[in-house]
Amino acid sequence: MRTTLPVIVAFLSGFVMVVSFFFGGALGDLDDNALQWVTIVGGFTLVLGVFSILRVNGKVVAKRGRDWPYKLATVISVVAMAIPSMLPVSTNTVGGRIFYSIFPESWGSRMGTGPSSIYDWLFNYIDSPMMETMFAMLAFFIASAAYRAFRARNAEASLLLITATVVMLWRIPMGEALLRLFSDSLPDYINMYVMNGFNVSVQRGIIIGAALGAASMSLRIILGIERTYMGKG
Amino acid sequence: MVESMSFLDHFQIWLRAYLILSLFSFLYKDNPFYKLSEHIFAGLSAGYYVGLIWQSVILQQLINPMFDGGQWWLVFPGILGILMFTRLSRNYSWISRVSLAFVIGNTAGIYLVSELHGKAIRQIWATMIPLDGGSGAASTILALIVITGVISTLVYFYFSKEHKGLMGATAKIGIWFIMISFGAHFGYTVMGRISLLIGRIEFLYYDWGGSLLSIF
């Protein structure tokens, strides 16, 4: 029961999607409905993940465990972002009527995910700048990695070094001007042969390999051979 | 323009500047400012997805169609979704496998078709082009590069046979192609990150600097 039922469910739901590709017209909106169902269940999965973050961090805060003030900051941040976004915006809904019988109606514009909401403000002025800074910091780490990776120890490493240097030059106006000193068509050749030739061919090889791998793994899941997604127990 | 900024404008700029500098402080070493910002960032990012999922999935695709649109059958994915929470119980966590199996099975069904039909076959189709079909020698050279690159890359990643003889030579060509491609990707990524760094430095210099000048 504990393993057979999930295998049957996985088989049927996977089989429906494969069949609907070949007999889409005859089955009506079956695949669209199935996709909507998956989106809904997937949505709950993400909420479960966030709930788990709150539970794990909340436990550490309650026990005054290691780094508990930081965990408290995480809990407050999740709550501050999530709760106002979930509260009703209008008074037309049942939830809205209950909410605005307790809180003033002027709070309406601050709820939800609209332009002047708390959610929007927190995203624009805290979350988004931090996200950009995190990615910007990678410039330093990538430079450190480049120093180690780009030492021309052998032919392969030299190819990596030369291509990366050429592409970095090609991507900036000053570098492009420098490349044009050697040949006026050099930047065009880089675009044509390096980016659309060597780069595309390798990406294509990787995509073909990964697609075959993903398809075979999907078949294993549908047929119940691959069961690791169930975990232990 | 800077002088006409309100208190809220100054506050928002200083808050952003503090967050940026506290995150950059990690470049020196791990410290409490960085740790606090890092934990706030993790919390806000998780909260962001809750808001997004709540509005675009739970409300728009489940609650509103069910109560306003009369689509009562959506109660079933709703139940499957709620069953995911049995994962938190030690005794009943196995029930969540049913919901998970539904998502995994469905996704596998979609992937089985889309990966083969939408990716593998299309990429093979795009690779198998006539060598003299384009505009002169340039397109012939390009087509040769692409065909050689695709075949040698696939051979390099084929580990079921030892890379010796013709197989080894092809795999060797494959690694050269891969190195060139990774180099190009690396160059692209570096420039992307550098442009983000420039954006942050510009903010600190112009916006935060402007706010500083207008206050002091």
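Residues numbered from 1 in each chain as written. Chains lettered and ligands numbered in written order. Predicted model: local features only at pLDDT ≥ 70, side-chain atom pairs only at ≥ 80, totals over all residues. Heavy atoms only, no water.

Brief notes about the overall build of chain B
(1) Moving on: Secondary structure assignment for chain B yields six helices and zero strands.
(2) Moving on: Scanning chain B from its N terminus toward the C terminus, one meets helices and strands in the order α-α-α-α-α-α.
(3) Moving on: Computed over the C-alpha atoms, the radius of gyration of chain B is 27 Å, more than 25% above the 17 Å expected from 2.2 N^0.38 for a compact globule of 216 residues.
(4) Moving on: Taken along its principal axes, the extent of the C-alpha atoms in chain B is 70 × 55 × 40 Å.
(5) Moving on: Here chain B, with 216 residues, has 41% of them falling under the buried criterion.
(6) Moving on: Expressed as a percentage of contacts within chain B between residues at least 6 apart in sequence, the contacts between residues at least 24 apart total 35%. (Helix = DSSP H or I, 4+ residues; strand = E, 2+ residues; numbered from the N terminus. Rg over C-alpha atoms; globule rule 2.2 N^0.38 Å. Buried < 20%, exposed > 50% of the residue type's maximum accessible area, 1.4 Å probe, protein only. Contact = heavy atoms within 4.5 Å.)

Notes on helix α3 (residues 68-86) of chain A
(1) Moving on: Compared with the 27 Å implied by 1.5 Å per residue over 19 residues, the 27 Å span of α3 of chain A between its first and last C-alpha is a close match.
(2) Moving on: Listed as buried for α3 of chain A are Y70, A73, T74, V75, S77, V78, M81, A82, P84 and S85 of chain A.
(3) Moving on: Those residues of α3 of chain A that are buried lie in contact with α2 (30-62) and α5 (118-149) of chain A together with α2 (32-67) of chain B. (Expected span 1.5 Å × (residues − 1).)

Section: the packing of α3 of chain A against α5 of chain A
(1) Moving on: Orientation of α3 of chain A relative to α5 of chain A, taken along the N-to-C sense of each, is 145 degrees, at an axis distance of 8 Å. Here A80, M81, P84 and S85 of chain A of α3 of chain A come into contact with α5 of chain A, specifically with I118, Y119, L122 and F123 of chain A. (Axes fitted to C-alpha atoms, helices over the stretch in contact; angles between N-to-C directions.)

Topic: the packing of aromatic side chains
(1) Moving on: Counted according to the given criterion, the structure contains 25 aromatic pairs over all chains.
(2) Moving on: Ring plane angle 80 degrees and centroid distance 5.9 Å describe the contact between W72 of chain B and W73 of chain B, whose orientation is recorded as edge-to-face.
(3) Moving on: Accessibility expressed as a relative area gives 55% for W72 of chain B, which makes it exposed.
(4) Moving on: Joined through ring pairs, the aromatic side chains of W37 of chain A together with W72, W73, F76 and F102 of chain B make up one cluster.
(5) Moving on: The ring of W68 of chain A has R64 of chain A sitting right over it, with the charged end atom 4.5 Å from the ring centre. (Phe/Tyr/Trp six-rings, centres within 6.5 Å; stacked < 30°, edge-to-face > 60°. Lys NZ or Arg CZ within 6 Å of the ring centre and 35° of its normal.)

Quick word on the nonpolar core
The nonpolar side chains of a soluble globular protein tend to be buried with one another.
(1) Moving on: Grouped together as the largest cluster of nonpolar side chains are 23 residues, with contacts concentrated most on M81, I126 and M130 of chain A together with F24, L44 and F203 of chain B.
(2) Moving on: Of all the secondary structure elements, the ones that give two or more residues to this core are α5 of chain A together with α1 (7-24), α2 and α6 (165-215) of chain B.
(3) Moving on: Setting aside residues up to four positions removed in sequence, L44 of chain B forms contacts with S77, M81, L122, I126, D127 and M130 of chain A.
(4) Moving on: If you look at the next biggest cluster of nonpolar residues, it comprises 22 residues, including V7, V38, I222 and M230 of chain A. (Core = buried A, V, L, I, M, F, W, Y, C linked by side-chain atoms within 4.5 Å.)

Some words on the domain arrangement of chain B
Accessible area lost when the parts come together is the quantity often used to give the size of an interface.
(1) Moving on: Taken domain by domain, chain B comprises domain 1 (1-70), domain 2 (84-128) and domain 3 (130-216).
(2) Moving on: Taken over C-alpha atoms, the centre of domain 2 of chain B sits 29 Å from the centre of domain 3 of chain B. (Domains from an automatic or database assignment.)

Some points on the interface of chain A and chain B
(1) Moving on: Listed per partner, the contact involves 108 residues of chain A and 108 residues of chain B.
(2) Moving on: Across the interface of chain A and chain B, roughly 10400 Å² is buried in total on both sides, 79% from carbon and sulfur atoms.
(3) Moving on: The largest per-residue losses of area from chain A upon contact with chain B belong to W37, F44 and Y70 of chain A, which jointly make up 7% of the total buried on that side.
(4) Moving on: The tally of links from chain A across to chain B stands at three salt bridges. (Buried area = accessible area lost by both parts, 1.4 Å probe. Salt bridge = Lys/Arg side-chain N within 4 Å of Asp/Glu carboxyl O.)

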